[in-house]
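# Examination of the molecular architecture
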Amino acid sequence: MHPRAPAPTAPDTAARDLPAPALSARHYTDPDLAAAETRRVFARSWQLVCHESDLAGPGARLAATVADREVLVVRTEDGGLAAHLNVCRHRGTRLVAAPEAAGKAIRCPYHGWTYRLDGSLVGAPEARQIPCLDRPRLGLLPARVESFLGFVFVNLDPGAVPLSESCAGLAEAIGHYAGADLVPVGRDRIHDVARAEVQQANWKVAVDNYLEGYHVPVAHPGLMRLLDYQGYGCEIHDSYVLFTSPLRDKPSSNWAERLYQRVAAPMPGLTEADRRVWRYAVIYPNTLIDFYPDHVLAWTALPTAVDRVAVPGGFYTRRGTGLRTRLARRLNMRIGWITNDEDAELVARVQHGLSTPGFEPGPLSRRELAVGWFADRIRADLAEPGHLADRPEPAHHTHQPKPAHLADRPAHHTDHPEPAHLADRAESAESAEPVAAAPGSDPTGP
């Protein structure tokens, strides 16, 4: 386990250790606030859309949802990435409906207007019949795109700070787990929203659940048998939160958990110090990534209604993973499936309760510091009184008791509602060979 950073020593340390107020109930139930979030949160933040392995070669492209728009993400001829709104500049036709593995250009299926991979307009059929065809000005509408930890993010805000800057500390802390060389396990993909599980809660309820471990002793008995609840660590930064949770030495009374404790082994690229610890990260506002010794699980929380959230995601590992690590991964995913079901019921219960007329949330525990951080960020983005600017800037808390998601997700997420579809339930996720697996390779993965 990596040592925790020392506690902050600034004069206002005590104030910074106090959790900010929770969001009001209407933040989870008001359709007008949900619409405001689309404009002020999702349209101005980095949204996870896929992993680099989903765009393997030049011309590969896929469509993904960002805020209230659909974007087209493409691997360019030089190996870079480009993102455009997925709409033809002629009559608004949707350009790409399903992932494509290759192609030298982007051609509209309606009238044949054709664009280079970088979005510039090449031409249109019978161009002389179009009086005002200004090719330089009729390229596809661009969006910002960036690869971070091997995952692809898109931002509709042209002035957004790069993730490599806002989350530099995160890359240093867990970069050895991730990267473009990870390969997917199973059929689930981050960009495949149609396949994703939809949970009966506001998207922020799902994120809140991932951000705290206060509920683990009560709601997740399996996680309590596996994780050292008192050893959870939480580092709160401006743009992300990183959780660390060591595994218990005491053997679990559950056979699957006990076997996992015995066989847990790190993937290639990790060290022995990573074998007995689970890490989780939240990149504001809705990217959630679990870093286990045996695999990485990345997912996102996409609102489909004020009280519904889709949780698409995917499992990833490294090539050359040994049999012991593959077995640990299967067990871990099985444990995560159980945790996911527990969390899915919890967030539905919370959403139901938040809809009670006159109800307002009570004070947060210090074990819910990250929930307060998230609430402050939401308030600031929505420009409401009492937002982050009016409070002491959050320090990098490194010794708060475990954040839920840490403690509460054993295999998938210690406590975030694990996207059921993600787990594909261990069986289906593990039954499919990783993309690009060599013929005859072990079906449980690299």
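How each quantity is defined
Residues numbered from 1 in each chain as written. Predicted model: local features only at pLDDT ≥ 70, side-chain atom pairs only at ≥ 80, totals over all residues. Heavy atoms only, no water. Core = buried A, V, L, I, M, F, W, Y, C linked by side-chain atoms within 4.5 Å. Buried < 20%, exposed > 50% of the residue type's maximum accessible area, 1.4 Å probe, protein only. Helix = DSSP H or I, 4+ residues; strand = E, 2+ residues; numbered from the N terminus. Contact = heavy atoms within 4.5 Å. Salt bridge = Lys/Arg side-chain N within 4 Å of Asp/Glu carboxyl O. Pairing = 2+ DSSP bridges. Axes fitted to C-alpha atoms, helices over the stretch in contact; angles between N-to-C directions. 1 Å grid on protein atoms, 1.4 Å probe; cavity = no way out; pocket = protein on both sides within 12 Å on 5 of 7 lines; lining within 4 Å. Points joined across faces, edges and corners; volume = space filled by probe spheres on them. Nonpolar A, V, L, I, M, F, W, Y, C, P; charged D, E, K, R; others polar. pLDDT = per-residue confidence, 0-100.

Attention now moves to the nonpolar core. Formed by 58 residues in total, the largest nonpolar core has its most connected members in Trp203, Leu211, Tyr260 and Trp278. Counting residues per element, this core draws most heavily on helix α11 (residues 369–381), at seven residues. Setting aside residues up to four positions removed in sequence, tyrosine 260 forms contacts with Leu226, Leu247, Trp278, Pro293, Asp294, Ala328, Leu331, Asn332 and Ile335. Membership of the second largest hydrophobic core comes to 27 residues, among which are Leu170, Met267, Val277 and Ile283.

The subject of this paragraph is the pattern of salt bridges. This structure, assessed with the given rule, holds 16 salt bridges. The partner of arginine 75 in a salt bridge is glutamate 52, with the nearest N and O atoms 2.8 Å apart. In this pair, arginine 75 sits in strand β3 (residues 69–75) while glutamate 52 sits in the loop between β1 (47–51) and β2 (61–66), placing the two residues 23 residues apart along the sequence. For the salt bridge of aspartate 376 with arginine 379, the shortest nitrogen-to-oxygen distance reads 3.1 Å. Taken together, the residues span about one helical turn, with aspartate 376 and arginine 379 both in helix α11 at a distance of three residues. Comparing aspartate 376 with arginine 379, the two get one shared label, buried.

Pairing in this open sheet of seven strands is antiparallel, and the strands run β10-β19-β16-β15-β14-β13-β12 from one edge to the other. In the strand order of this sheet, the two ends are held by β10 (183–185) and β12 (233–236), each with one partner. In this sheet, neighbouring strand axes are inclined to one another by 20 degrees on average, regardless of whether the strands run parallel or antiparallel. When strand β13 (residues 240–246) meets strand β14 (residues 277–283), the two strands line up antiparallel, connected through seven bridges. Considered in β14, the bridge of tyrosine 240 is made with isoleucine 283.

This part is about the layout of surface pockets. Reported here for the largest pocket is a volume of approximately 580 Å³. Along its surface, the largest pocket is lined by 22 residues, and Asp208, Glu212, Val350, Leu364 and Glu368 are the ones closest to its centre. For the lining of the largest pocket, the secondary-structure elements that each account for two or more residues are α6 (203–210), α7 (216–219) and α10 (323–354). With four residues, the top contributor of residues to the lining of the largest pocket is α10. Considered as a void within the structure, the second largest pocket measures approximately 340 Å³ in volume. Along the wall of the second largest pocket there are 18 residues; nearest its centre are Arg44, Ser45, Trp46, Tyr284 and Arg377.

Leftover empty space is mapped by rolling, across the atoms, a probe with the size of a water molecule. Following the criterion strictly, the structure yields two cavities of 30 Å³ or more and no others. Its boundaries defined by the atoms lining it, the second largest cavity holds a volume of some 50 Å³. In terms of lining, the second largest cavity is formed by Leu48, Val49, Ala64, Thr65, Ile190, His191, Val193, Thr300 and Leu302. Elements that contribute at least two residues to the lining of the second largest cavity include exactly β1 and β2. Of the residues assigned to the lining of the second largest cavity, the class counts are six nonpolar, three polar and no charged.

Averaged over all residues, the pLDDT of the protein chain is 85; the fraction at 70 or higher stands at 82%. Overall, residues 1–15 carries pLDDT values under 50, and its contacts beyond four positions in sequence, including any with other chains, amount to 26 contacts. Across residues 386–444 the pLDDT falls below 50, and counting only partners more than four positions away or on other chains, this stretch makes 296 contacts in the model.

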